[in-house]
Amino acid sequence: MAGRLSLPEADLSCSICCEIFKDPVVLKCSHSFCSPCLQQYWSRRGRNRDCPLCRTQSLDDPVPSLALKNLCESYVSMESEGPEEKEGELYCDPGEMCPLHGERLKLFCLLDKEPICVVCHTSRKHKQHDCCPVSEAVADVKEKMKSALSSLQEKRDSFDKMKKNYEDTVAHIQVQAQFVERRTREEFEKLHSFLQAEEEARMEALRSDKEQKSREMKQKIEEMERNIASVSASIRALEEEMALEDISVLHKCKRTLASANSPVEDPVMAPAALLDVAKYVGSLAFRVWEKMHKIVKYTPVTLDPNTAAPWLILSDDLSSVCDSDEKQRLPDNPERFDPDTAVLGHEGFTSGKHAWDVNVGDNTAWVVGVAKESVVRKEKVSSVLVNGYLCVYFYHKMYFAGTSPLTRLNLKKNPQRVRVLLDCDKGKVSFYNPHDNTHIYTFKHTISEKVFPYFWVGCQQCPLTVEPQEVSVKAVEYC
């Protein structure tokens, strides 16, 4: 037969002899064949009376199809009138024809994942292979495309969200840089002209760090834009192919689905993306004084704003913290506590002895102590030992030690200040009232990872403040 059949002829052709039906009969599965062709086919199959197309077993005798017979006779009569094309006649796309046998591709081989004709189905290559109608295969492929499209859209949304986070980070880096510059200049104004060189050196380091981190974030944004463009292109390709009809989808689906299902890593916000503000402004005057050999104010713990919960307000010198009603718009970087209203000290410890005083004043809800570096920061958890905290806290006018279960502390006086003594080598964290050196509580716990000073505050009227130490050449240690 010709490689391009008109739709009427294709629809009126027997799939066994590929000619116009002669004495057509219909099986229970609704497929029609020439009566002689079907009987000859069954004679070769022995006792197996199955449909040549769908393999459905036929127990009943085939029924003559008079309507189909009349259509075939009318078609043959029309063809004998002349070879010219009939008005309105539609033709079958070459892509729907088998390149080997010139037959319509009515089946889809599930094993070889390709459309085939009836002759292919009986050939050695596809013999005994499970097949389904092309319409079912098209529906299955479109369902897979729909799933791939949904997955790509989710990835694009994830990229959009991370791109926004990167953009917020770039903006916040600028704010941090401005803050560092202001604080630095305020400190350096106290040291007069002979400290100008030191000031400019720090400014240069800040500018370099700001440019580097801003450049890194802009590169991340560009990467997200490329990923978004790539995913969007895949989405458009899928949408265009899903709009196609019938067999053409199967010819193009392999490469498109392979591209759509290619693994794309989900975006992850890298740690340490923000400026290390504490490095620049933490105990700044003391660091400069080490070169000047003059007495300056020194705070043993500098609060790290990159870890502070969005509700917390830190002082400009990063030595005090209080709660607030308003949540600030800050980057959701991995180091930050959220929703817990907590903040860590900038410097962590794994060895040696360390001490600091915290002025709690009339604060009505506070937690003071140390926390392991691995504590959960994106969930609200109780500050107890099993969760990585070695702390004492004050809540509902009662004092507790963060053990499991909690240990109630009966203090004779309400301390205005709490001294924290950390001995990493001996695995001890002790708490005292520095006013009269009264012992409050001691944890004995092996320090197996880096720990940081930890502050939790639930009061807006009274901040927690790290008390400065008076120093000459070195900070005066309490232990």
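Criteria and cut-off values
- Residues numbered from 1 in each chain as written.
- Predicted model: local features only at pLDDT ≥ 70, side-chain atom pairs only at ≥ 80, totals over all residues.
- Heavy atoms only, no water.
- Helix = DSSP H or I, 4+ residues; strand = E, 2+ residues; numbered from the N terminus.
- Rg over C-alpha atoms; globule rule 2.2 N^0.38 Å.
- Buried < 20%, exposed > 50% of the residue type's maximum accessible area, 1.4 Å probe, protein only.
- Contact = heavy atoms within 4.5 Å.
- Areas by Shrake-Rupley, 256 points an atom, 1.4 Å probe, with all protein chains shown as cover.
- Lys, Arg positive; Asp, Glu negative; His and termini not counted.
- Charge placed at Lys NZ, Arg CZ, Asp CG, Glu CD.
- UniProt positions renumbered as here; feature names shortened; annotations may be inferred.
- Pairing = 2+ DSSP bridges.
- Axes fitted to C-alpha atoms, helices over the stretch in contact; angles between N-to-C directions.
- Patch = residues over 30% accessible without salt bridge, like charges linked within 9 Å, V, L, I, M, F, W, Y side chains within 5 Å.
- Salt bridge = Lys/Arg side-chain N within 4 Å of Asp/Glu carboxyl O.
- Domains from an automatic or database assignment.
- pLDDT = per-residue confidence, 0-100.
- Phe/Tyr/Trp six-rings, centres within 6.5 Å; stacked < 30°, edge-to-face > 60°.

So, about the overall build of the protein. Along the protein, the regular secondary structure elements total nine helices and 21 strands. Against the compact-globule benchmark of 23 Å for 479 residues, the protein has a radius of gyration of 40 Å, which places it well outside the compact range. In terms of its C-alpha atoms, the protein occupies a principal-axis envelope of roughly 115 × 55 × 40 Å. Counting only residues that meet the buried cut, the protein has 46% of its 479 residues in that class. For the protein, the share of sequence-separated contacts (at least 6 apart) that also reach a separation of at least 24 residues comes to 63%. In the form shown here, the protein has an accessible surface area of approximately 26,300 Å², with 50% of it arising from carbon and sulfur atoms. When the 64 positive and 73 negative side-chain charges of the protein are each reduced to one mean point, those points stand 6 Å apart.

The UniProt record marks residues 14-55 with the feature "domain: RING-type" (unreviewed entry), using the residue numbering of this structure. Secondary structure across residues 14-55 comprises 24% helix and 14% strand; the distance between its end C-alpha atoms is 16 Å.

Attention shifts here to the pairing of strand β14 (residues 398-401). With four bridges connecting them, strand β13 (residues 389-395) and β14 associate as antiparallel partners. Residue pairing in the sheet places Tyr393 in a bridge with Phe400 of β14. What sits between β13 and β14 in their antiparallel hairpin is a turn of two residues, with His396 showing a positive phi close to 50°. Sheet topology places β14 next to strand β15 (residues 407-409); three bridges connect them, and they run antiparallel. If you follow Tyr399 over to β15, its bridge partner there is Leu409. Hairpin connection between β14 and β15: a loop of five residues separates the two successive antiparallel strands.

Turning to the sheet that holds strand β5 (residues 114-116), a few remarks are in order. Backbone hydrogen bonds hold the strands of a sheet together, and the pairing may be parallel or antiparallel. Overall, antiparallel pairing links the three strands, which are arranged β5-β4-β6 in an open sheet. Two strands close off the open sheet at either side, each with one partner strand: β5 and β6 (131-133). With strand direction ignored, the average angle separating the axes of adjacent strands in the sheet is 40°. As paired elements, strand β4 (residues 107-109) and β5 share three bridges and run antiparallel to each other. Paired with Leu107 across the strands is Ile116, a residue of β5. Contacting β4 and β6, helix α5 (residues 134-189) crosses the sheet at an angle of about 90° to β6.

There is a patch of like positive charges on the surface, built from Lys353, Lys426, Lys428 and Lys444. Position of Lys426 among the secondary structure elements: in the loop between β16 (417-423) and β17 (428-433). For Lys426, a relative accessible area of 60% translates into the label exposed.

Moving on, we come to the sheet that holds strand β18 (residues 438-444). The antiparallel open sheet is built from seven strands, whose spatial order is β8-β9-β20-β11-β16-β17-β18. At either end of the open sheet lies a strand with only one pairing partner, and these are β8 (313-314) and β18. As judged from the two bridges shared by β8 and strand β9 (residues 320-322), these two strands associate in the antiparallel manner. When the bridges of β9 are listed, Ile313 appears paired with Cys322.

As a further point, take the pattern of salt bridges. For the structure shown, the criterion picks out 20 salt bridges. The residue Arg417 makes a salt bridge to Asp357 at a minimum N-O spacing of 3.6 Å. With Arg417 in strand β16 and Asp357 in strand β11 (residues 353-359), this pair connects stretches of sequence that are 60 residues apart. Assessed through its relative accessible area of 30%, Arg417 is described here as partly exposed. Among the charged side chains, a salt-bridge network with shared partners connects Arg182, Arg183, Glu186, Glu187 and Asp316.

With domains assigned, the protein is organised as domain 1 (10-76), domain 2 (139-293) and domain 3 (312-467). Computed over C-alpha atoms only, the centres of domain 1 and domain 3 are separated by 86 Å.

Of all residues in the protein, 92% have pLDDT values of 70 or greater, and the mean over the chain is 86. Mean pLDDT in the protein bottoms out at helix α1 (residues 7-11), which sits at 62, and peaks at β16, which reaches 98. Overall, residues 1-7 carries pLDDT values under 50, and its contacts beyond four positions in sequence, including any with other chains, amount to 20 contacts. Here residues 83-90 is modelled with pLDDT under 50, and outside its nearest four sequence neighbours on either side it reaches eight contacts, counting other chains as well.

Further remarks concern the packing of aromatic side chains. In total, this model carries 10 aromatic pairs according to the counting rule given. Residues Phe394 and Tyr399 carry aromatic rings whose centres are separated by 4.5 Å and whose planes lie at 35° to one another, so their mutual orientation is tilted. Overall, the relative accessible area of 9% leaves Tyr399 in the buried class. Taking 5.0 Å as the distance between ring centres and 70° as the angle between the ring planes, the aromatic pair formed by Tyr441 and Phe443 counts as edge-to-face.

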